[in-house]
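The primary structure of each chain is shown beneath.
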Amino acid sequence: MALALEMKGITKYFSSTDVQANDNVNLTVEAGEVLALVGENGAGKTTLMNILYGLIKPDSGEIFINGEKVQIGHPDDAIKNGIGMVHQHFKLVPSFTVAQNIILGMEPNKAGFLSPKEENKVVKELADKFNLPVDPKAQIRDLPVGMQQRVEILKVLLREAKILILDEPTAVLTPQEVKELMDVVRQLAKMGYSVIFITHKLIEVMEVADKVSVMRAGKNVGNKKVSDTNIPDLARMMVGREVLLRVKKDTIQRGKPVFEAKDVSVSDVHGLAAISHVSFNVHEGEIVGLAGVSGNGQTELVEVISGMRPLDGGNLYLNEQDITQANVRDRRNAGVAHIPEDRMEVGLNLQTNLDENLIISRYNQSEFSKFGFLLGKSISRFAETVVKSFSIAAAKPGEDISMLSGGNLQKVVVGRELSGQPSFIIANQPTRGLDVGSIEFVHKTLIEERDRGAGVLLVSVELEEIMALADRILVLFRGQIQGELDAKTATEEEVGILMAGGKLSDLQTNQAKSGKESK
Amino acid sequence: MKNKKLQKILDAILIPVLAILSGLVLMGIMIALTGKPVWESYGVLFSKAFGCEKASNCAIVTTLERATPIILTGLSAVVAFRSGLFSIGQEGQYLMASIAAGWLGYNIHLPNGVHQSVILVACMAVGAAYGFIPGVLKVKLGVNELLSTIVLNSIATLIIEYMVQFPMRADVSTTAHSPIIDETAQLPIFMPGSKWGVGFIIAVVAVILVFIYLWKTKSGYEQRMAGQSKRFALYGGVPSDKAAIRAMIISGALAGLAGAVEVMGVHRRIMTGFSTGLGFDGVTAAILGQTHPFGVFIVAILFAGLKLGAQLGLQLKLGIPRELGATIIGFIILFVAASKFYEGAIDSVRSWFTKSKKVKAKGGGD
């Protein structure tokens, strides 16, 4: 079959950061094929795709579309050549309707006047053609993330793209939405479209792709058929060493309760109830996994526990002390550590250097300031210790952190939070957007903390992660605890049904039914 | 390590320097359009700004005198901006403190040394109080500090006009002004023939203190973190509201100091039309100076020099309107705002350099 796309010897060097982002990279995609492009954060996947889409000019290399050499110097050239890109962060106008967003820039008009009717019709036809139902009149800001992504895909299809680049499309989706997206991708491939699927979740590669290209440190380290490879193999290629996909965990005896929430209720930013009457506790030497589809009150609950948001009712206890009214600083001084879900905006200040990021929760301690003055020497000594003990190779004391990759940024957050032996750790989506190597690190570290005797509240929308780490599983659904499971005996199915708002008894009756039928 | 630091400093000053150069080139073009000699104008501009024709009559001395209040209002803006507050209330704070300085200068009588100190402290307090108002409004009621400081500036301009016209008016002359302040209230001057004096020393000390405060103290750290990322500060347990109010108080006190120095060291009284935009010059100096105390110091001097050179040199010597000086400053600000234009150029020059270096290194190896 003819190659829909061939990239040959692509090389790009960023002088400002001294990074060889792409080093003689080759890549081919056939029509009707799904190519997964995998690699750790900072391996050069995004640079390569930005070159293909005309956002970055390569130093050298050639691009062929359907066997013909093309010059792509601008996204317009890419679109002309049938290349479409769905960015990780959607580029939609929230206050516009679906149709307006899809048609933006190519509106059918009569003598300069817009025709919403015509627009809606075009979008409706497009959606029907690809079997991607959308409501053309809905406003983007009212749509769930999965729907917004569908709008992005339609936008690209309307511009007659034959090669679709999806940049980490699943990073922001719920498990259900991921499944739907996979179906869409397979269907597009069947219709003869080529899809380049950027991801670092290997399980998705196995599920959706025909072929996989692995990148590491700007180089193409492997091109394989998915049927010829497996997850451990891909992980090894990505990271360049053997990776534990599921970290080892010994059973240990848990201690006394370290944290307790009693009848806690919280409102969200709009004043609506986000958490209502939730009670649970976390013991020493225990990881409690809080599972649930995102948007079921996890963000609010974590913010209340860490002290960033006031609660409407209920009480919080840390080591039997009432901390309901304590502020963030008091809680942190009392031994609470917090790995937030948003490391770029909340967990770190990217505008300042490593040292100042590391002391945010402890600059008041006598070790780091005296008579109102910061003790620069002990701060940089502390930074060196954190860098060393958490092996954050890329970060240097006194230097800016804005250039670090996602994995290294998370290491900085984890290093800061887990230095100083906290007694209670809140870990909210601690591995979101991380590559396998970094996930391994975070998981290992959390288990070490548990073994040391800390209580850990692990909030995650990744069922895999909960199953791998937790000793006890709580499932959050619509702001309430839908059920509690012992991780040793719990199955993914049981957690799944609770996440969807069902009851364990539903599962049992289902099983009983199917049991009868099979007889 | 040292190299990296040097690199950082070079990076920080590169864009302002390029902007100033572009502004000067544009000035040359405009002078050429008026038909005056271009090269001579540059010479006159610089000699009248930074030159030293006679030991007793140095232009640079006057430039430093004119730079003094701009340095202080610039520092005031730096403290506010670094704390995430876009306060442009320097003008108002400066004027309110000037009233206080003028009034205390002839209404209380204290020995030399004590009198000046009392006035300096009082003026800082007045400025701080006038800065506290938008700070509290922002923290307690969420009032945008940009809007509230604009309003407070107008109020202060009207108050000083009223004070000069009525309660503090000295005599019935055509232009209203207050009585000359006592000699014990005046700041000593270094060189006769100019007003360059202790005020400049105060400004230099303030530059150093503001630098230490912002980067070496706990309070400064809190303010910067809260200013750069509100969510991060909240997450880390930084008391952001306190930090914001503190920032506005310090910012006000620095602008107040500018008023004190200007009245005690230069004018010795307040008069009608006292508001000449020194507060806004400070805002500009803060932006051009990369919101850094040292940057403000350099830019304020350049600024004062350009103004003086345009006034004494271009206007008096060559008959070119002095407004041209202000125009150049306007252009320079525009060029800084358009810094993206330079970034692209700088980047391509850099990558060309590193490439040729790499090629050389490789060639040497073979």
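Within each chain, residues carry numbers counting from 1 in the order of the written sequence. Labels are handed out in written order, letters beginning with A for the chains and numbers beginning with 1 for the ligands. Per-residue local features are limited, in this predicted model, to residues with pLDDT of at least 70; the limit for side-chain atom pairs, both in listing and counting, is 80 or more; totals at the level of whole chains, interfaces and linings are taken over all residues. Each side-chain value is derived from all of the structure's non-hydrogen atoms; neither hydrogens nor water enter the calculation.

In the nomenclature of an unreviewed UniProt entry, chain B is known as Nucleoside ABC transporter membrane protein of Pelolinea submarina. UniProt positions are given in the numbering used here, feature names are shortened, and annotations may be inferred rather than shown by experiment. According to its UniProt record, chain B has this under Subcellular location (unreviewed entry): "Cell membrane".

Per an unreviewed UniProt entry, chain A carries the name Nucleoside ABC transporter ATP-binding protein and comes from Pelolinea submarina. A UniProt comment under Subcellular location (unreviewed entry) is attached to chain A, and it reads "Cell membrane".

Novice: Where do I start with the UniProt feature "domain: ABC transporter" (unreviewed entry) in chain A in this structure?
Specialist: In this numbering, the UniProt entry assigns the feature "domain: ABC transporter" (unreviewed entry) to residues 5-242 and 259-503 of chain A. Numbered from the N terminus, helices here are DSSP runs of H or I no shorter than four residues, and strands are runs of E no shorter than two. Secondary structure content for residues 259-503 of chain A is 34% helix and 27% strand, and the end C-alpha separation is 27 Å.

Novice: Help me understand the pattern of salt bridges, please; the structure alone is not making it clear to me.
Specialist: When a carboxyl oxygen of Asp or Glu is within 4 Å of a side-chain nitrogen of Lys or Arg, the pair counts as a salt bridge. Using the criterion set out here, one finds 32 salt bridges over all chains in the structure. The network of salt bridges with shared partners includes K249, R450, D451 and D471 of chain A.

Novice: Can you walk me through the interface of chain A and chain B in this structure?
Specialist: With 34 residues of chain A in contact, the opposing surface of chain B contributes 26 residues. Each of two parts loses accessible area, computed with a 1.4 Å probe, when they are put together; buried area is these two losses added. Buried surface at the junction of chain A and chain B, summed over both partners, amounts to about 2,600 Å²; 54% is from carbon and sulfur atoms. Along the contact surface separating chain A from chain B lie three salt bridges. Across the pair E303 of chain A and R231 of chain B runs a salt bridge, and its minimum N-O distance is 3.0 Å. Distance and chemistry together define a polar contact, namely a pair of N or O atoms within 3.5 Å, with one atom able to donate a hydrogen and the other to accept it when in protein, and with adjacent residues in sequence counting only for side-chain atoms on both sides. On inspection of chain A and its partner chain B, the count reaches 17 residue pairs in polar contact (both at pLDDT 80 or more). Contributions of two or more residues to the side of chain A that touches chain B are made by α10 (328-333), α11 (343-347), α12 (354-358), β20 (373-374) and α14 (406-418) of chain A. Here the term charged refers only to Asp, Glu, Lys and Arg, the term nonpolar to Ala, Val, Leu, Ile, Met, Phe, Trp, Tyr, Cys and Pro, and the term polar to all other amino acids, Gly among them. The residue makeup of the side of chain A that touches chain B, split by class, is twelve nonpolar, 13 polar and nine charged. Throughout, a contact is declared for two residues whenever any of their heavy atoms are within 4.5 Å.

Novice: Quick question: what am I supposed to make of the UniProt feature "transmembrane region" (unreviewed entry) in chain B here?
Specialist: This chain's UniProt record puts "transmembrane region" (unreviewed entry) on residues 12-33, 113-133, 145-164, 196-215 and 324-342 of chain B. End-to-end, the C-alpha atoms of residues 113-133 of chain B are 31 Å apart, and along that stretch the chain is 95% helix and 0% strand.

Novice: I would appreciate a short explanation of the domain arrangement of chain A in the present structure.
Specialist: Put simply, an interface is often sized by how much accessible area is lost when its parts join up. Reported domain spans reflect what an automatic or database domain assignment gives. Each assigned domain of chain A is listed with its residue range as follows: domain 1 (3-239), domain 2 (245-335 + 422-519) and domain 3 (347-420). Using C-alpha coordinates to define each centre, domain 1 of chain A is positioned 36 Å away from domain 3 of chain A.

Novice: Sorry if this is basic, but what is going on with the sheet that holds strand β3 (residues 34-39) of chain A here?
Specialist: Strand pairing in a sheet takes place through backbone hydrogen bonds and is either antiparallel or parallel in direction. Residues and elements named next belong to chain A. Strand pairing requires that DSSP identify at least two bridges connecting the strands. Pairing is mixed across the open sheet formed by six strands, whose spatial order is β6-β9-β10-β3-β11-β12. In this open sheet, the two strands that pair with only one neighbour each are β6 (83-86) and β12 (219-225). Adjacent strand axes in the sheet meet at a mean angle of 20 degrees when their direction is disregarded. Pairing of strand β9 (residues 163-167) with strand β10 (residues 194-199), which is carried by five bridges, proceeds in the parallel orientation. Bridging across to β10, D167 finds its partner in I198. All axes here are fitted lines through C-alpha atoms, helices being fitted over the stretch that makes contact, and every angle between N-to-C directions spans 0 to 180 degrees. Together, β6 and β9 form the strand contacts of helix α5 (residues 145-158), whose direction differs from that of β6 by roughly 165 degrees. This element, helix α6 (residues 175-190), spans β3, β9 and β10 of the sheet and lies at about 150 degrees to β10.

Novice: Sorry if this is basic, but what is going on with the side chain of N357 of chain A here?
Specialist: Within the secondary structure layout, N357 of chain A lies in helix α12. With a 1.4 Å probe rolled over the protein chains alone, any residue whose accessible area is under 20% of its type maximum counts as buried; one over 50% counts as exposed, and the rest are partly exposed. According to the relative accessible area criterion, N357 of chain A is buried, its value standing at 0%. Other than its neighbours up to four places away in sequence, N357 of chain A contacts L348, N349, T352, I401 and R416 of chain A together with F232 of chain B.

Novice: Sorry, what's going on with the environment of V118 of chain B here?
Specialist: Looking at the secondary structure, you find V118 of chain B in helix α5 (residues 114-141). Setting aside its immediate chain neighbours within four residues, V118 of chain B contacts I108 and L110 of chain B.

Novice: Explain the packing of α5 of chain B against helix α6 (residues 145-165) of chain B here, please?
Specialist: The angle between the axes and the distance between the axes are what describe a pair of packed helices. Residues and elements named next belong to chain B. In contact at an axis separation of 9 Å, α5 and α6 are set at 150 degrees when each is read in the N-to-C sense. As judged from the angle between their axes, α5 and α6 are roughly antiparallel. Crossing hand, α5 versus α6: right-handed. Between α5 and α6, the contacting residues are Y130, I133, P134, L137 and K138 on the first element and E145, S148, T149, L152, I155 and A156 on the second. A per-class count over the contact of α5 with α6 returns seven nonpolar, two polar and two charged. The labels follow the angle: roughly parallel below 35 degrees, roughly antiparallel above 145, roughly perpendicular from 65 to 115, and oblique for the rest. If you view the pair so one helix is near and one far, a crossing is left-handed when the near helix is turned anticlockwise from the far one by less than a right angle, and right-handed when it is turned clockwise.

Novice: Can you help me understand helix α4 (residues 116-129) of chain A in this one?
Specialist: In an α-helix, one turn spans 3.6 residues, which is why side chains three or four residues apart end up on the same side. Residues and elements named next belong to chain A. Between its terminal C-alpha atoms α4 stretches 20 Å, which fits the 20 Å expected from 14 residues at 1.5 Å a residue. Of all the positions in α4, only E119, N120, V123, L126 and A127 are classed as buried. The arc that holds every buried residue of α4, seen down its axis, measures 130 degrees, which confines them to one face. Of the exposed residues in α4, those oriented more than 90 degrees away from the buried face are K117, D128 and K129. Positive phi appears at N131, one or two residues downstream of α4, with a value of about 55 degrees. The span expected for a helix works out to 1.5 Å for each residue beyond the first. Along the arc lie the directions from the helix axis toward the C-beta atoms.

Novice: Would you mind showing me how to read the packing of aromatic side chains here?
Specialist: What characterises a pair of aromatic rings is the spacing of the ring centres plus the angle enclosed by the ring planes. Centres within 6.5 Å make a pair out of two Phe, Tyr or Trp rings, where for Trp the six-membered ring is used; the pair is then stacked when the planes are under 30 degrees apart, edge-to-face when over 60, and tilted otherwise. Enumeration according to the criterion identifies 17 aromatic pairs over all chains in this entry. Ring pairs connect the aromatic residues F190, W196, F200 and F297 of chain B, which therefore count as one cluster. Two thresholds decide whether a charge sits over a ring: the Lys NZ or Arg CZ must be within 6 Å of the ring centre and within 35 degrees of the ring normal. In this structure, K411 of chain A packs its charged tip against the face of F441 of chain A, placed 4.8 Å from the ring centre.

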